[in-house]
Amino acid sequence: MKIAIIGAGNLGLAIAKGVLHSNGATTMYLTKRNISEIKDFEKYGNVTVTSDNTQAVKNSDILIFAVQPGHFEAILYDIKGLLTEKHVVISTITGFGIKKIESIIGSDNHIIRSMPNTAISVSKSMTCICSNDLGKKRIDLAKAIFNRMGHSLEIPEEQMQAATVICASGIAFWMRLIRATTQGAIQLGFDAKEAQELAMHTCNGAASLLIESGSHPEEEIDRVTTPKGCTISGLNEMEHQGLSSSLIRGIVTSFEKISDIRKG
């Protein structure tokens, strides 16, 4: 695959590393205004670093845009005359809808929106993907790219805001749960480093159990709860204090906030 990443900032470079480490590109162009910060990527041999977006577009088939939202529209106008039927346009820009992209470059292009989260830097992103009608022909290609950096899921575009809350904001929600578990472990006598190690690896194990087994969370809960046992006592106390309801309320509040921002 001939890939260009337009906007090699934190997200763009995380995508680049994921693709390069899995040998997912025959050639790659990375663009940034100040290329001195990304020169090291040329050590891969098949990577060209440039500040010229047009050069990157002309020499690539898959165009992944990871620029600041305020710059995206101008860049699309600059490169729209260079787009051909071979190009696949993949946007990672939050809040920039497919219809708006189509209004600039036309609906006769393969257009895909993707929403990765910050775990992409360790190849564990949950990335949601949607497309325009023509882009559906390239959706499997986009999923293959992002599956190299975690897991991807195709969803309707109208669910992208909700996915932002669950997957992008969700990283922060899970971090807070891990922190709370860490604090609990400290109160029980572990030092801070041990407590965090216990919390984060237990969290990782819980998620891995569901991913590998396909089980419902309650099935795995049943495996570790016994009548009158310590696990069910702890779970019931957490629920009495509003664990599940507070999480759900927090998720809904985040969604309402992002919806208000979008309207504004």
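Residues numbered from 1 in each chain as written. Predicted model: local features only at pLDDT ≥ 70, side-chain atom pairs only at ≥ 80, totals over all residues. Heavy atoms only, no water.

**Student:** How should the layout of surface pockets be read in this particular structure?
**Tutor:** One simple way to see leftover space: roll a probe sized like a water molecule over the atoms. Taken as a whole, the second largest pocket holds about 800 Å³ of empty space. Among the elements of the structure, helix 1 (10–21), helix 3 (69–79), strand 6 (110–115) and helix 6 (160–187) are those that each provide at least two residues to the lining of the second largest pocket. Here the lining of the second largest pocket takes four residues from helix 3, the largest share from any one element. Grouping the amino acids of the lining of the second largest pocket by side-chain chemistry returns 14 nonpolar, 15 polar and two charged. (1 Å grid on protein atoms, 1.4 Å probe; cavity = no way out; pocket = protein on both sides within 12 Å on 5 of 7 lines; lining within 4 Å. Points joined across faces, edges and corners; volume = space filled by probe spheres on them. Helix = DSSP H or I, 4+ residues; strand = E, 2+ residues; numbered from the N terminus. Nonpolar A, V, L, I, M, F, W, Y, C, P; charged D, E, K, R; others polar.)

**Student:** Help me out: how do you make sense of the packing of helix 6 against helix 10 (residues 243–263) in this one?
**Tutor:** If you want to describe how two helices pack, look at the angle between their axes and the distance between the axes. Relative to each other, helix 6 and helix 10 sit at 135 degrees, their axes nearing to 10 Å. Taken together, helix 6 and helix 10 sit at an angle that is classed as oblique. Handedness of the helix 6/helix 10 crossing: right-handed. Side by side, helix 6 and helix 10 meet where Gln 161, Ala 162, Thr 164, Val 165, Ile 166, Phe 173 and Leu 177 of the first sit next to Leu 243, Leu 247, Ile 251, Ser 254, Phe 255, Ile 258, Ser 259 and Arg 262 of the second. (Axes fitted to C-alpha atoms, helices over the stretch in contact; angles between N-to-C directions. Parallel < 35°, antiparallel > 145°, perpendicular 65-115°, else oblique. Left-handed = near helix turned anticlockwise from the far one by under 90°. Contact = heavy atoms within 4.5 Å.)

**Student:** Honestly, unusual backbone geometry in this entry has me stumped. Any pointers?
**Tutor:** Where the residue is not glycine, phi is negative for most of them; where a peptide bond is considered, it is trans in most cases. The residue Ser 123 is not glycine, and still its phi comes out positive at about 60 degrees. Assignment of secondary structure puts Ser 123 in the loop between strand 6 and strand 7 (125–131). Overall, the relative accessible area of 34% leaves Ser 123 in the partly exposed class. Of note, Lys 228 is a non-glycine position whose phi angle comes to about 60 degrees, a positive value. Along the chain, Lys 228 turns up in the loop between helix 8 (217–224) and helix 9 (230–240). We classify Lys 228 as exposed; its relative accessible area is 85%. (Buried < 20%, exposed > 50% of the residue type's maximum accessible area, 1.4 Å probe, protein only.)

**Student:** Quick question: what am I supposed to make of the packing of aromatic side chains here?
**Tutor:** Each pair of aromatic rings is reported with the distance of its centres and the angle of its planes. Within the structure shown, the criterion is met by three aromatic pairs. Relative to Phe 72, the ring of Phe 65 has its centre 5.3 Å away and its plane inclined at 55 degrees; by these criteria the two rings are tilted. Geometrically, the ring pair formed by Phe 72 and Phe 96 is edge-to-face, given 4.7 Å between the ring centres and 70 degrees between the ring planes. Separated by 24 residues along the polypeptide, Phe 72 in helix 3 and Phe 96 in the loop between strand 5 (88–91) and helix 4 (98–105) bring together distant segments of the chain. Judged by relative accessible area, which is 0%, Phe 72 ranks as buried. According to the relative accessible area criterion, Phe 96 is buried, its value standing at 6%. Cluster of aromatic residues (ring-pair linked, three or more members): Phe 65, Phe 72 and Phe 96. Across the ring face of Phe 96, the terminal group of Lys 100 is positioned such that the distance to the ring centre comes to 4.6 Å. (Phe/Tyr/Trp six-rings, centres within 6.5 Å; stacked < 30°, edge-to-face > 60°. Lys NZ or Arg CZ within 6 Å of the ring centre and 35° of its normal.)

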